[in-house]
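Architecture at a glance
As a plain string of letters, each chain reads:
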Amino acid sequence: MKKTFQAKVQVEGTGQSKELAINKALGSIQKKIMSSYKGLILRIEPIDVSVIEAKETAYTERFLLFFFPRQRSKYQVVLEVEVNVFLLDAEEIAFDKTEVANTMRNMLLGNQLNK
């Protein structure tokens, strides 16, 4: 029912600061894990983070092509993150099945179970 395994995920992020680029990359780990594995994710623990690629692109921004020049930077980072994943497999949970009679009351109320 509960499974634990290790996985390596490669994620990337871009932003106006170094922290924002790294934060966007780390924030996309859950989305990558969910697309790769079937089940309900209970917890994702990062074990190790390694930088594959880190780029800074600097450019000069100007107002009306000539006035008020200022230096701007854009950061891009690609990380490889090794994580422990705690997964709950919903297919292995045994659910009790209850049949509800098809009466007029149940049709009008949406087949709700009596409590």
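Use the structure listed above.
Within any chain, residue numbers begin from 1 and follow the written order of that chain's sequence. Owing to the predicted nature of the model, reporting of local features is limited to residues with pLDDT of at least 70; listing and counting of side-chain atom pairs is limited to 80 or more, with chain, interface and lining totals taken over all residues. Note that water and hydrogens are dropped before the side-chain values are worked out from all heavy atoms of the structure.

On to the pairing of strand β3 (residues 67-88), then. Strand residues, when the strand is regular, have side chains that alternate between the two faces of the sheet. One bridge is not enough; two strands pair if DSSP finds at least two bridges between them. Runs of H or I in DSSP of at least four residues are treated as helices and runs of E of at least two as strands, each being numbered from the N terminus. With 14 bridges connecting them, strand β1 (residues 2-15) and β3 associate as antiparallel partners. Counted as the bridge partner of V11 is L79 from β3. Looking at chain direction, strand β2 (residues 40-63) and β3 are connected through 20 bridges and run antiparallel. When the bridges of β3 are listed, A54 appears paired with V77. Counted along the chain from β2 to the antiparallel partner β3, the turn is 3 residues long, and its residue L64 has a positive phi close to 55°.

Another point: the packing of aromatic side chains. Within 6.5 Å between ring centres, the rings of Phe, Tyr and Trp (the latter by its six-membered ring) count as paired, and their orientation is classed by plane angle as stacked under 30 degrees, edge-to-face over 60, tilted in between. Within this structure, the stated rule accounts for 2 aromatic pairs. Summarising the aromatic geometry, the rings of F5 and Y37 are spaced 4.7 Å apart at their centres and angled 55° between planes, so their arrangement reads as tilted. Of this pair, F5 sits in strand β1 while Y37 sits in the loop between α2 (29-36) and β2, placing them 32 residues apart in sequence. Seen in terms of ring centroids, F63 and F68 are 6.2 Å apart; in terms of plane orientation they differ by 45°. Their pairing is tilted. Judged by relative accessible area, which is 66%, F68 ranks as exposed. Above the face of the F86 ring, R43 is positioned so that its terminal group lies 4.1 Å from the ring centre. Three exposure classes are used, based on accessible area relative to the maximum for each residue type with a 1.4 Å probe and protein chains only: buried under 20%, partly exposed in between, and exposed over 50%. Remark: a charge is flagged as sitting over a ring if the NZ atom of Lys or the CZ atom of Arg is within 6 Å of the ring centre and within 35 degrees of the ring normal.

Now for the side chain of S73. Within the secondary structure layout, S73 lies in strand β3. Judged by relative accessible area, which is 19%, S73 ranks as buried. Of note is the side chain of S73, whose polar atom sits 3.2 Å from the side chain of E56. Residues within four places of S73 in sequence aside, it is in contact with Q16, E56, T57, A58 and Y59. Here a polar contact is recorded for every N or O atom pair within 3.5 Å, except that within protein the pair must consist of a potential hydrogen donor and a potential acceptor, and residues adjacent in sequence are included only if both atoms are side-chain atoms. Any two residues whose heavy atoms approach within 4.5 Å are treated as being in contact.

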